[in-house]
Every structure is written in C-alpha cells, then in structure tokens.
Amino acid sequence: MTSFHRIEHLRERLHALGANERHQHRVLRLWSLALPQTSGRRQIEHFLPATLRAELPAIEADLAGLARLESQHPGEDGSARLLVKLGDGQMVETVLLPRDGVCVSTQIGCAVGCVFCMTGTTGLIRQVGSAEIVAQVALARSLRPVKKVVFMGMGEPAHNLDNVMEAIDLLGTIGNIGHKNLVFSTVGDPRVFEALPRGPVKPALALSLHTTKADLRERLLPRAPRMTPDELVAAGEAYARATDYPIQYQWTLLDGINDSEEELDGIVRLLTGKYAILNMIPFNAVEGMPYQRPSWEKAAAIARHLHRRGILTKLRQSAGQDVDGGCGQLRARAEKPARRTVPIQRGA
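Residues numbered from 1 in each chain as written. Predicted model: local features only at pLDDT ≥ 70, side-chain atom pairs only at ≥ 80, totals over all residues. Heavy atoms only, no water.

A. Main features of unusual backbone geometry. One non-glycine residue, Ala34, adopts positive backbone phi at about 60°. Mapped onto the fold, Ala34 is located in the loop between helix H2 (21–32) and helix H3 (50–65). For Asp244, which is not glycine, the phi dihedral falls at a positive 65°. Assignment of secondary structure puts Asp244 in the loop between helix H8 (229–243) and strand S10 (247–253). (Helix = DSSP H or I, 4+ residues; strand = E, 2+ residues; numbered from the N terminus.)

B. Region of the structure containing the nonpolar core. Residues Trp31 and Val149 are the most contacted members of the largest nonpolar core, which totals 82 residues. The dominant element in this core, judged by the number of residues it contributes, is helix H4 (residues 130–141), at eight residues. Here Val149 is in contact with Val102, Val104, Val137, Leu171, Ile177, Asn181, Leu182 and Val183, once residues within four sequence places are set aside. (Core = buried A, V, L, I, M, F, W, Y, C linked by side-chain atoms within 4.5 Å. Buried < 20%, exposed > 50% of the residue type's maximum accessible area, 1.4 Å probe, protein only. Contact = heavy atoms within 4.5 Å.)

C. The arrangement of the packing of aromatic side chains in detail. Applying the stated criterion across every chain yields a total of one aromatic pair. Pairing Phe283 with Tyr291 gives two aromatic rings, centres 6.2 Å apart and planes at 85°, and the pair type is edge-to-face. Comparing Phe283 with Tyr291, the two get one shared label, buried. (Phe/Tyr/Trp six-rings, centres within 6.5 Å; stacked < 30°, edge-to-face > 60°.)

D. Geometry of the pattern of salt bridges. On inspection of all chains with the given rule, the structure shows 15 salt bridges. With its nearest N and O atoms 2.9 Å apart, the salt bridge here joins Asp230 to Arg269. Residue Asp230 is found in helix H8, and its partner Arg269 is found in helix H9 (residues 261–271); the two are separated by 39 residues along the sequence. Arg269 sits in the partly exposed class, given a relative accessible area of 49%. Between Arg309 and Asp265 there is a salt bridge, with its nearest N and O atoms 2.7 Å apart. Of this pair, Arg309 sits in the loop between helix H10 (296–308) and strand S12 (313–315) while Asp265 sits in helix H9, placing them 44 residues apart in sequence. Judged by its relative accessible area of 40%, Asp265 falls in the partly exposed class. Several salt bridges converge on common partners, so that one network encompasses Arg6, Glu8 and Glu166. (Salt bridge = Lys/Arg side-chain N within 4 Å of Asp/Glu carboxyl O.)

E. Structural context of the side chain of Thr211. By the secondary structure assignment, Thr211 is in the loop between strand S9 (204–208) and helix H7 (214–220). At a separation of 3.1 Å, a polar atom in the side chain of Thr211 contacts the main-chain amide nitrogen of Lys213. In contact with Thr211, other than residues within four places in its own chain, are Leu216, Arg217, Leu220, Pro229, Trp251 and Glu263. (Polar contact = N/O pair within 3.5 Å; in protein donor to acceptor, adjacent residues only side chain to side chain.)

F. Representation of the environment of Glu262 in the model. Tracing the backbone through its elements, the reader meets Glu262 in helix H9. Distance in space between the C-alpha atoms of Glu262 and Arg126 is 39 Å, their sequence separation being 136 residues.

G. Representation of the layout of surface pockets in the model. One number sums up the size of the second largest pocket: a volume of about 280 Å³. The wall of the second largest pocket is formed by 15 residues, among which Trp31, Ala34, Leu63, Ala64 and Ala138 lie closest to the centre. The set of elements that each furnish at least two residues to the lining of the second largest pocket consists of H2, H3, strand S1 (67–74) and H4. Looking at side-chain class alone, the lining of the second largest pocket contains eleven nonpolar, two polar and two charged residues. (1 Å grid on protein atoms, 1.4 Å probe; cavity = no way out; pocket = protein on both sides within 12 Å on 5 of 7 lines; lining within 4 Å. Points joined across faces, edges and corners; volume = space filled by probe spheres on them. Nonpolar A, V, L, I, M, F, W, Y, C, P; charged D, E, K, R; others polar.)

H. Focus on H10. Across its 13 residues, H10 extends 18 Å between first and last C-alpha, which sits within 8% of the 18 Å expected from 1.5 Å per residue. Within H10, burial applies to Ala299, Ala300, Ile302, Ala303, His305 and Leu306. The inward-facing, buried residues of H10 abut S10, H9, strand S11 (276–282) and S12. Of the residues trailing H10, Gly310 is marked for its positive phi of about 90°. (Expected span 1.5 Å × (residues − 1).)

I. Broad picture of helix H1 (residues 7–16). Listed as buried for H1 are Ile7, Leu10, Arg13 and Leu14. For H1, the buried positions fall inside an angular range of 115° around the axis, keeping them on one side. More than 90 degrees from the buried face of H1, the exposed residues found are His15 and Ala16. Where H1 is buried, its residues touch H2, H3, H4 and helix H5 (161–171). Positive backbone phi, at 90°, marks Gly18, one or two positions downstream of H1. (Arc of directions from axis to C-beta.)

J. The environment of Ala300, seen in detail. Its place among the elements puts Ala300 in helix H10. Residue classification places Ala300 among the buried residues on the basis of a relative accessible area of 16%. Considering only alpha carbons, one finds Ala300 and Lys314, 14 residues apart in sequence, at a separation of 9.4 Å.

K. Spatial organisation of the packing of H4 against H5. Orientation of H4 relative to H5, taken along the N-to-C sense of each, is 45°, at an axis distance of 8 Å. On the basis of the axis angle, H4 is oblique to H5. Relative to H5, the crossing made by H4 is right-handed. Side by side, H4 and H5 meet where Ser130, Ile133, Val134 and Val137 of the first sit next to Asn163, Val164, Glu166, Ala167, Leu170 and Leu171 of the second. Among the residues making up the contact of H4 with H5, the classes are represented as seven nonpolar, two polar and one charged. (Axes fitted to C-alpha atoms, helices over the stretch in contact; angles between N-to-C directions. Parallel < 35°, antiparallel > 145°, perpendicular 65-115°, else oblique. Left-handed = near helix turned anticlockwise from the far one by under 90°.)

In structure tokens, the structure reads:
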C-alpha cells in the first residue's frame, strides 16, 4: 500500500515537498477529477515549487496505484460493476450507475452482518482510507462523467466515519460534486447524526430501514446500533429539516419477510408527513442465501399501494443485477471467502 491511503497523509507528503495550501489544492483537485497533473490554465513551471514538480511523476503513479481496475462487468441498464484492486491487493467493488453516478465502497467486508448481504459474510477485514475512497471516484471518472457519489458499496460508512467524512469534504469542495449529490448511506448510528451536521459539506442521507418492527430489524441487521425504526426515522427527519434534503429510506424487499400488510401499515405510520423518499429494492438473489426476491409484479403492487396512501415510493432495481455484482458478489467470486448465513423465518 502507498504511504498515503488517507488524504491527510497525502497532504503531509505534499507539504514536505514545499507545497502550500494552493499547491495542494491543485494536486488534489486534478487527481479527484481524473485529470493529468499538467492540466490547468497555469503551467506547473510557473506555479508549483521545483521540489514538488520533481516528485509529481512518482506521486501520480502512487495515486494511480490506490485503486486499479481489475475487471469491468457492464449491465444492461447502463451501469457497470467494477472489481477494483487497492494498493495492498485487497479488492473492493465500485459501481458506475446510470445517469452519471458512482457507488463507492468504504470498507473491505463489514461488521454489521446484515443477513441478506454477501459483504457481511466475511466480517470486517479493514477500513478503506479516505484517499482510496476518492481514488474510486477518480477511477470512475477516467471511464465516464461522475456528478453523483453514493456511499452504498461494501461496508458501513458509519464504522469508518473519519475516512468517509474526509472524502466527502474533498469531493464536495474541490471535487466538484454538489452536496446533495453526495449520499451517505448507513444502517443508522448516533455518531452519524452528530457528525454530519458539523462538517463543511453536508451530504444527503440514506437510511437502511428494511422493516418497521424493532425485533425483526435486530435479526436482519444483527450488529447494527440499537436504534429502533421509530428512533431512526426521528433522527433522519431532524437531519432532513436541517439540510433541506429528503431522507432516502432504503428497504430491501425480502419475499415473505418484510412485505406484509402489517409492514405496509407500519411504513405509512412512520413516514406520513416526513420529508422522505422510500426506495424499495427487491432482494438481489445470492447463491446460498435462504431469501427470495419477490416478483416484480408484487413489488410494483406494494409501491403503488404506498403511493396511494401518500408515501413517495420509488421501486428500484439493484444496479447491474444481471451481472450478479450486488452485495460483494464480485469480490466473493474473486476471493471465495467462507459464507455464514442465518435464515430469518418467513412471516416473522
């Protein structure tokens, strides 16, 4: 791994080479935009100190080594799932989304252990550094335009808060991503609701809800912080009103698990009057996991039912599902880790 998998370490390296804040700003901006360090209106000979200019080729090589494309898997929906090798050889998944978006990974593995997620079967292997997160965006930008970054790939961003916030701050300032187009996705953690309002860049927020029943949520997300669905929505609503961005509530539809009339009544109770969008995503089928994807017709009927009852609901496909890339599947096929699954009873 390079010596600067965090942005602050890169800044320290640049500072040691005589770079002031304006010099650092230029290097970081061009890197995050996937542009050569010789780009820009001002020629580097007239702007950067000689000590930094001499080291630029080595710095560019190290930056490129933070996230290298291992394989690319295009989907029929215009997305592409990327298997990305980090500097130490570990793999993460990055997804090019339709309409100029990218989904980045923030951890290798995950400690939350959501029972329907392939990433959680390995546990947490290591954190992804802030520079490695931005490097995924730079890699994506080398392939197509990027105007939106969602932190919904492998890992739980709340468990890597310093690195994720450092990446968000860079992308939301010199990285040319609008604040509401930076989407922090989390199962819900009190630290998130404390940290996000304090930062210079206030991202949009996506909260993994998945059920309105506290006991079922504990079984679906066994190591998530113990926030009940009611507490999660209350904290989300406060952040939505403070930032004037709606909260995106994520709901993975598991056939016979969280698609009952009782759950739909619970959604209406929780989200009526809230500044919110409910994203319903039918489960992305995973070999060896004891859960089923409801039919598209059933999922569409649920979304229509909620719409009629006043809940803004969007039924979404998991991007690139036709290439079996969701929930860490590409990495799982490359690494072949042991799988651990805990079935939840249908109708529980």
